[in-house]
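Observations on the model geometry
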Amino acid sequence: MLQLAVILPTYNERNNIARMVERIDTALQGFVWEAIFVDDNSPDGTAEEARRIARADPRIRVIERIGRRGLASAAIEGMCASAAPIVAVMDADGQHDPVLLAGMYEAVTSGDYDVAYASRFAEGASTEAWGRPDRVKASGIANAIARKVTGVDLSDPMSGFFMLRGETLRADAHRLSGVGFKILLDILATVDAPLRVKEFPLNFAARMDGESKLDRTVVFEFLIGLYDKWLGRVIPTRFALFATVGALGVVVNFAVLWLVLSVGFGERFVYGHWQGSDRNFIVGNICAALAAMTFNFVLNNELTYAEKRLRGLVPLVKGWAKFFLTCSIGILSQVASTEALKRLHVADALAVLGGIVLASVWNFALSSKFVWGKYG
Ligand code: GDD
Ligand code: MN
């Protein structure tokens, strides 16, 4: 009978797969197990390498996701894809030692614990071999904040190496946020029943090959994850991001307008029949709108839609043009709805605000499908 599934989310880990399978095999002698690599269509061919090994060893399985990114969602989908009663998640780069798996299995099948996890900061653990004092420090701060906000009291709630019963996970899988990388924290903060957790001290090693994917986004994703847990159900996280970017765009808009007006760029540049200051104002407004829109497009592409990011010159220019179109219609709808609200005797400021909210919802709905959507 299948006892245990080990889920290994991967992104560009081609050279680590074979070694990882060997190490799991050694660590789980005597167990009936399977390992599932959940790969997000890595450009280095990780999924193909995993399939190559899987053809010779049916204990190995591969889930390849197209057009998706994310450690947490990969872990969730991997865990839900196994019939094994017990599921574990670990990194595929060798930083997590599979030797701990047997002890963790012992703990969650004993009936004394619901979750077993490996901590980089428990008594007896070490992060020296990692060679990243900067990340150790950042993790310490993030852990402290996470403990405060979620009430989860572990020495390393950010750990990506843990084990639990499949049914514990499935009972609440639909309520997990699946955003970012802090999947264990997400589970512990989401599940209603208090989970009994056993810590295993981990010697967090250096990566075998390749480089970390979390370095660049780790802080940002952490904040997003906290927001998602806190307010995500009232105002969806992605819309909140989109709106925040939009608000920053307003700042850019004013800054550029002010710049053009103070330099008098419009007067020097355009010759027409308008009076000087009008001309300046119109040119300023056009520059400001273009700058703000471009700024919003770039920021949304980097942050709001990070996992669907458009890359390469042609997709970027196309995306920018579509975003421009979307926003232009958005501006029209904003003007129209502000007018309509005013006619309904809504106070001016409120009418303007209503117009802005309506236009943002429109821009968000359309651009998420049209610019960053799969069929866009
Ligand atoms: N499918 C998928 N999609 N896998 C991913 C993605 C993704 O977008 N991003 C990263 N991974 C995989 C990596 O290939 C690796 O197997 C594992 O997730 C961990 O990613 P790393 O890039 O090696 O992360 P790290 O070593 O910097 O981060 C460590 O610390 C975090 C907490 O600060 C890891 O131990 C994380 O698990 C941990 O949450
Ligand atoms: Mn790693």
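Residues numbered from 1 in each chain as written. Chains lettered and ligands numbered in written order. Predicted model: local features only at pLDDT ≥ 70, side-chain atom pairs only at ≥ 80, totals over all residues. Heavy atoms only, no water.

When you go through the protein chain residue by residue, the secondary structure sums to 13 helices and 7 strands. Over its C-alpha atoms, taken along the principal directions, the protein chain stretches across nearly 85 × 40 × 40 Å. For the protein chain, buried positions account for 44% of its 376 residues. Summarising the internal contacts of the protein chain: among those between residues at least 6 apart in sequence, 75% fall at separations of at least 24. Carbon together with sulfur atoms contributes 63% to the accessible area of the protein chain, which is approximately 19,200 Å² in total. Positive and negative side-chain charges in the protein chain, numbering 40 and 39 respectively, have mean positions lying 6 Å apart. (Helix = DSSP H or I, 4+ residues; strand = E, 2+ residues; numbered from the N terminus. Buried < 20%, exposed > 50% of the residue type's maximum accessible area, 1.4 Å probe, protein only. Contact = heavy atoms within 4.5 Å. Areas by Shrake-Rupley, 256 points an atom, 1.4 Å probe, with all protein chains shown as cover. Lys, Arg positive; Asp, Glu negative; His and termini not counted. Charge placed at Lys NZ, Arg CZ, Asp CG, Glu CD.)

A turn of α-helix holds 3.6 residues, and therefore any two residues three or four places apart point the same way. Here helix α7 (residues 183-190) lies mainly inside the structure; 7 of its 8 residues are buried. Looking at α7, one finds that the buried residues are Ile-183, Leu-184, Leu-185, Asp-186, Ile-187, Leu-188 and Thr-190.

Next up on the list: the site of ligand 1. Around ligand 1 sit 26 residues, and of these Glu-13, Arg-69, Gln-95, Ser-212 and Lys-213 come closest. One of the side-chain nitrogen or oxygen atoms of Arg-135 is found 2.9 Å away from an oxygen atom of ligand 1. For ligand 1, an oxygen atom lies 2.9 Å from a polar atom in the backbone of Met-158. Contact with the protein chains covers 98% of the free accessible surface of ligand 1, which is 730 Å². Those elements giving two or more residues to the shell around ligand 1 turn out to be β1 (4-10), α3 (71-80) and α5 (133-150). Counted by class, the shell around ligand 1 contains 10 nonpolar, 7 polar and 9 charged residues. (Near = heavy atom within 4 Å. Polar contact = N/O pair within 3.5 Å; in protein donor to acceptor, adjacent residues only side chain to side chain. Nonpolar A, V, L, I, M, F, W, Y, C, P; charged D, E, K, R; others polar.)

As a further point, take the packing of aromatic side chains. For the coordinates displayed, the defined rule picks out 9 aromatic pairs. Aromatic side chains Trp-320 and Phe-324 sit 5.8 Å apart centroid to centroid with 20° between the ring planes, which places their arrangement in the stacked category. Within this pair, Trp-320 and its partner Phe-324 are both found in helix α12 (residues 313-343), separated by 4 residues, close to a single helical turn. The class of Phe-324 is partly exposed, set by a relative accessible area of 35%. Over the aromatic face of Tyr-11 sits the side chain of Arg-69, whose NZ or CZ is 3.5 Å from the ring centroid. (Phe/Tyr/Trp six-rings, centres within 6.5 Å; stacked < 30°, edge-to-face > 60°. Lys NZ or Arg CZ within 6 Å of the ring centre and 35° of its normal.)

Around the manganese ion (ligand 2), the protein contributes the donor atoms Asp-93 (OD) and Gln-95 (OE1), at 1.9 to 2.0 Å from the metal centre. On the basis of relative accessibility, which here comes to 7%, the residue Gln-95 falls in the buried class. (Donors = N, O, S within 2.8 Å, 3.2 Å for Na, K, Ca; no water.)

This model, assessed by the stated rule, comprises 23 salt bridges. Glu-13 is paired through a salt bridge with Lys-213; the nearest N and O atoms lie 3.0 Å apart. With a gap of 200 residues between them, Glu-13 in the loop between β1 and α1 (17-27) and Lys-213 in the loop between β7 (197-201) and α8 (218-230) connect regions that are remote in the sequence. Overall, the relative accessible area of 6% leaves Glu-13 in the buried class. Residue Lys-213 is classed as partly exposed on the basis of its relative accessible area of 24%. In this structure, Arg-51 and Glu-48 form a salt bridge, with 3.0 Å as the shortest nitrogen-oxygen distance. Residue Arg-51 and its partner Glu-48 are both found in helix α2 (residues 46-56); the two are separated by 3 residues, about one turn of the helix. Connected through salt bridges with shared partners, the residues Glu-13, Asp-93, Arg-207 and Lys-213 form a single ionic network. (Salt bridge = Lys/Arg side-chain N within 4 Å of Asp/Glu carboxyl O.)

This part is about a nonpolar patch on the surface. Together, Ile-282, Ile-286, Leu-290 and Phe-324 make up a nonpolar patch on the protein surface, roughly 310 Å² of accessible area in all. Take the nonpolar patch: its biggest share by element is 3 residues, from helix α11 (residues 276-304). With respect to the helices and strands, Ile-286 occurs in helix α11. (Patch = residues over 30% accessible without salt bridge, like charges linked within 9 Å, V, L, I, M, F, W, Y side chains within 5 Å.)

By size, the foremost hydrophobic cluster in this structure holds 35 residues, and its most contacted members are Met-79, Phe-162, Leu-164, Ile-183 and Ile-187. Not counting residues up to four positions away in its chain, the partners in contact with Phe-162 are Met-79, Val-87, Ala-88, Val-89, Met-104, Ala-116, Tyr-117, Ile-183, Leu-184 and Ile-187. Ranked by size, the runner-up nonpolar core spans 33 residues in total, among them Ile-24, Ala-35, Ile-60 and Met-90. (Core = buried A, V, L, I, M, F, W, Y, C linked by side-chain atoms within 4.5 Å.)

Moving on to the packing of α1 against α2. Between α1 and α2, the least distance of the axes is 9 Å, while the angle of their chain directions is 45°. One finds that α1 runs oblique with respect to α2. Packed against α1, whose contacting residues are Ile-17, Ala-18 and Val-21, the element α2 presents Thr-46, Glu-49, Ala-50 and Ile-53 at the interface. Taken together, the residues of the contact of α1 with α2 sort by class into 5 nonpolar, 1 polar and 1 charged. (Axes fitted to C-alpha atoms, helices over the stretch in contact; angles between N-to-C directions. Parallel < 35°, antiparallel > 145°, perpendicular 65-115°, else oblique.)

Within the secondary structure layout, Leu-350 lies in helix α13 (residues 348-370). Residue Leu-350 is classed as exposed on the basis of its relative accessible area of 52%.

Our next topic: unusual backbone geometry. Positive phi, normally seen in glycine, also occurs at Asn-12, with a value near 55°. Within the element layout of this structure, Asn-12 appears in the loop between β1 and α1. With relative accessibility at 26%, the residue Asn-12 sits in the partly exposed group. You will see that Asn-41, though not glycine, has its phi angle at about 55°, which is positive. Examined against the element boundaries, Asn-41 turns out to sit in the loop between β2 (33-39) and α2.

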